[in-house]
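Here is how the chains run, residue by residue.
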Amino acid sequence: MNTRSAAKNHAQAARVLAVLPVLLAGLLTGCADQDPDPWAKCNWMSKLPDDPDAGARRTGHTAILVDVTSSVRGPKAESGGVNHSEPAAQYMEKWLSGTGTMSVAAFGGTDDIRWVAENWATGPSAKDNEENRKRRAEMVSECVAHQVAEAQAAAPQSGGTDVLDAVREAAVTLAEHKGTRRLVVLTDGLATTGCADLRGSTFKDPLEIDAIAQRCQDDQELTSDTLALIDTVLVDLGRTARDQPQANAAQTDWIGKLWKRLCQAAHPKPARPEDCAVTALPAAEPLGGKPVARPDDPVPAFPGRTYTRAGANAFFSPNSSVLLDNALPEITKIAVELRNLDGAQVRVFGYVDPRGGSANNHSLSQARADAVKSKLEELGVKKVTATGKGIADGCPKAETRLSTEQKLRCDRRVDILVDQVGRDR
């Protein structure tokens, strides 16, 4: 090889060596730009290794059921469904305590339950080195919350909401495990199928709770051994998506009492303290997500609350639309209650007794409704409408025969109707 050829070859080699770092940097950058599955770090939980402590790790099981029906998830992507994944992470350590494995499922109507995680380990293996055990132990709550989020994204396969059907199937799964068995049900409790169908419920009568519990036992949808030796936690009862009918505090309390009663009926007597717990998660950012096809799903409607002020508590004197002084404390009390209800629609209806002329009846009843509306708005209540109804048609909830004066005072009343049809965005 002559001197010129050698120099040329050396120059080419130098150029190649100069380019290689650039190519390698590009390849490495390209790999970094390919965002790997951030949840691959949780894969170890789904693989129970064949190690000496595998049996111990399989002792005890937690099953988590996630309600994905329209009342909880909302019928549209922008419905603002209830988000359980993030706040649930705060409770996960407690819910998984004493159990070596866990499963997560989404549920909807009858025979509609899908397990998104089955028999996942809730702790690292003893074979892991100390650093791995510590790292994996710290990520358990986050990884399980991710599985809850995966379940929330599922769409129901059938219409309706059958909480008890999902509970029964989970109980069968839990019966296969030894040790501590725990069931966590993330649901608003608004069943629309089976013995606990709440369509048409008043959401206030204790006798209705008794009747529903008895029917569920008569229909064998619940027996005293359905949840035998299963610690049960019912979470977020009464909390619905923000564009769905909203329960007030009294209605939410009623729903909690109903499901605690049904839960207790599914356990042998005498009840253990851990048999049935009712709790609520902290509020979280509402769910968004991609639109998914959802079947038509009936949603129970919460009856509106009515405040009636008549008789000795009437807001007005005869033939007057000026609020009486003793009406102001009553209206203020009502306003304080109403302005704490997200999304409440308030309708004020004014009435008159039949002693005035027909031409005056409507204008006077409208003026009375407007006076109450103005005062409520002044006190911070939103979404108030006012309607004059003219002459009243009977006295509501009159249990005895009224005297003429009593009837006139009742006719001269104002009704305030409150419906919670969705939370403010």
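Quick caveat, the model's predicted, so the values are computed rather than measured.

So what about the overall build of the protein? Which residues, and what values?
What the protein contains, in helices and strands, is eleven helices and ten strands. Restricting to contacts in the protein with at least 6 residues of sequence separation, those with at least 24 account for 82%. Accessible surface, the protein: about 21600 Å² in total, of which carbon and sulfur atoms supply 52%.

Residue-level account of the packing of aromatic side chains, with values.
Inspection of the entire model under this criterion finds four aromatic pairs. Considering the side-chain rings of Phe203 and Phe302, the 4.7 Å spacing of their centres and the 55° angle between planes classify their relative orientation as tilted. Placement of the pair is Phe203 in the loop between strand S4 (181-186) and helix H7 (206-218) and Phe302 in the loop between strand S6 (276-279) and strand S7 (305-309), with a sequence separation of 99 residues. Per residue, the accessibility class of Phe203 equals that of Phe302, and both read buried. When the ring centre of Trp39 is taken as origin, the NZ or CZ atom of Lys41, which lies over that ring, is 5.2 Å away. Arg413 extends its terminal NZ or CZ atom over the ring of Tyr351, reaching a point 4.4 Å from the ring centre.

Which residues make up helix H6 (residues 163-175), and what values go with them?
With 13 residues, H6 ought to run about 18 Å at 1.5 Å a step, and its terminal C-alpha atoms sit 18 Å apart, in line with that. Buried-residue contacts for H6 involve strand S1 (61-67), strand S2 (101-107), strand S3 (113-121), S4, H7 and helix H8 (249-265).

Before we move on, can you summarise the sheet that holds strand S9 (residues 384-391) with the specific residues and values?
The mixed open sheet is built from four strands, whose spatial order is S7-S10-S8-S9. On the outer flanks of this sheet lie S7 and S9, each paired with one strand and no other. Ignoring which end each strand starts from, the neighbouring axes of this sheet average 20° apart. Relative to strand S10 (residues 414-420), strand S8 (residues 344-352) runs antiparallel, the two being bridged by seven bridges. For Ala344, the partnering residue across the bridge sits in S10 and is Gln420. Lying on the sheet, helix H9 (residues 327-338) is in contact with S7, S8 and S10; it crosses S7 at an angle near 170°.

Describe in detail the state of the cysteines, supporting the description with residues and values.
Each disulfide consists of one covalent bond between the sulfur atoms belonging to two cysteines. Counting across every chain of the model gives three disulfides. The disulfide partner of Cys195 is Cys216, and the gap between their sulfur atoms is 2.0 Å. As the torsion about the S-S bond is roughly 95°, the Cys195-Cys216 disulfide counts as right-handed. Of this pair, Cys195 sits in the loop between S4 and H7 while Cys216 sits in helix H7, placing them 21 residues apart in sequence. Cys216 shares its class with Cys195; the two are buried. One disulfide bridge connects Cys263 with Cys276, the sulfur atoms lying 2.1 Å from each other. With the S-S dihedral at roughly -95°, the linkage between Cys263 and Cys276 falls on the left-handed side. Highlighted residues: Cys263 in helix H8 and Cys276 in strand S6, separated in sequence by 13 residues. The exposure classification of Cys263 matches that of Cys276, with both residues buried.

Explain the nonpolar core to me, using residue names and the numbers behind them.
By size, the foremost hydrophobic cluster in this structure holds 39 residues, and its most contacted members are Leu65, Leu183, Trp259 and Leu262. Put simply, the parts of the chain that give this core at least two residues each are S1, S2, H6, S4, H7 and H8. The contact partners of Leu65, leaving out residues within four places of it in the chain, are Ala105, Phe107, Ile113, Trp115, Ala166, Val167, Ala170, Leu183, Val184, Val185 and Leu186. Within the second largest apolar cluster, 27 residues are counted, among which are Val66, Val68, Met92 and Val144.

Got a sec to walk through the pattern of salt bridges? Specific residues and values, please.
Taken as a whole, this structure holds 19 salt bridges when the rule is applied. The salt bridge partner of Asp197 is Arg199, with a shortest N-O separation of 2.6 Å. Since its relative accessible area comes to 46%, Arg199 is described here as partly exposed. A salt bridge links Asp275 to Arg272; the shortest N-O distance between them is 2.7 Å. The structure contains a network of salt bridges with shared partners spanning Arg182, Asp231, Arg272, Glu274 and Asp275.

Tell me about the sheet that holds S6, and name the residues and values.
Pairing is mixed in the open sheet, where six strands are placed in the order S3-S2-S1-S4-S5-S6. Whereas interior strands pair on both sides, the edge strands pair on one side only; in this sheet they are S3 and S6. Strand-to-strand twist across the sheet, computed as the mean angle between neighbouring axes with direction ignored, equals 15°. Pairing geometry for strand S5 (residues 231-235) and S6, over four bridges, is parallel. Among the inter-strand pairings, Val233 is bridged to a residue of S6, identified as Ala277.

Give a detailed account of the pairing of S3, specifying residues and quantitative values.
Pairing geometry for S2 and S3, over six bridges, is antiparallel. Considered in S3, the bridge of Met102 is made with Trp120. Here S2 hands over to S3 after five residues, with Asp111 in that stretch at a positive phi of 60°.

Explain the packing of H7 against H8 residue by residue, including any values.
Packing of H7 against H8 brings their axes to within 10 Å, and their N-to-C directions diverge by 30°. Classed by the angle they form, the pair H7 and H8 counts as roughly parallel. The element H7 and its partner H8 pack so that their crossing is right-handed. Across the interface between the two elements, Pro206, Glu208, Ile209, Asp210, Ile212, Ala213, Cys216 and Gln217 of H7 pack against Trp254, Lys257, Leu258, Arg261, Leu262 and Ala265 of H8. Looking at the contact of H7 with H8 residue by residue, the classes come out as nine nonpolar, one polar and four charged.

Cut-offs used in this document
- The written sequence of each chain sets the order in which its residues are numbered from 1.
- Note on the predicted model: pLDDT of at least 70 is required for a residue's local features to be given, and 80 or more for side-chain atom pairs to be given and counted; whole-chain, interface and lining totals, by contrast, use all residues.
- Calculation of side-chain values draws on the structure's entire complement of heavy atoms; hydrogens and water are dropped beforehand.
- Comment: elements are numbered from the N terminus, with helices defined as DSSP H or I runs of at least four residues and strands as E runs of at least two.
- Contacts are assigned to residue pairs that have any heavy atoms within 4.5 Å of one another.
- To measure how exposed things are, a 1.4 Å probe is used in the Shrake-Rupley method; for residues, cover is taken only from the protein chains shown.
- Pairing of aromatic rings covers Phe, Tyr and Trp, the last through its six-membered ring, and needs centres within 6.5 Å; plane angles under 30 degrees mean stacked, over 60 mean edge-to-face, and all others mean tilted.
- Each residue gets one of three labels from its accessible area relative to the maximum for its type: buried under 20%, exposed over 50%, partly exposed in between, using a 1.4 Å probe on protein chains only.
- Charge-over-ring placement is defined geometrically: NZ (Lys) or CZ (Arg) within 6 Å of the ring centre, and within 35 degrees of the ring normal.
- Multiplying one less than the number of residues by 1.5 Å gives the expected span of a helix.
- Two strands are said to pair when DSSP picks up at least two bridges between them.
- Between N-to-C directions, angles span 0 to 180 degrees; the directions come from axes that are lines fitted to C-alpha atoms, helices contributing only their stretch in contact.
- What counts as a disulfide here is a pair of cysteine sulfur atoms lying within 2.5 Å.
- Take the buried residues of types Ala, Val, Leu, Ile, Met, Phe, Trp, Tyr and Cys, join any two whose side-chain atoms come within 4.5 Å, and each joined set is a nonpolar core.
- Salt bridges are defined by distance alone: a side-chain nitrogen of Lys or Arg within 4 Å of a carboxyl oxygen of Asp or Glu.
- Under this scheme an angle from 65 to 115 degrees is roughly perpendicular, one under 35 degrees roughly parallel, and one over 145 degrees roughly antiparallel; angles in between are oblique.
- Left-handed is the label given to a crossing in which the near helix is rotated counterclockwise from the far helix by less than a right angle, and right-handed is the label when the rotation is clockwise.
- All residues other than Ala, Val, Leu, Ile, Met, Phe, Trp, Tyr, Cys, Pro, Asp, Glu, Lys and Arg, Gly among them, are scored as polar; the first ten of these are nonpolar and the last four charged.

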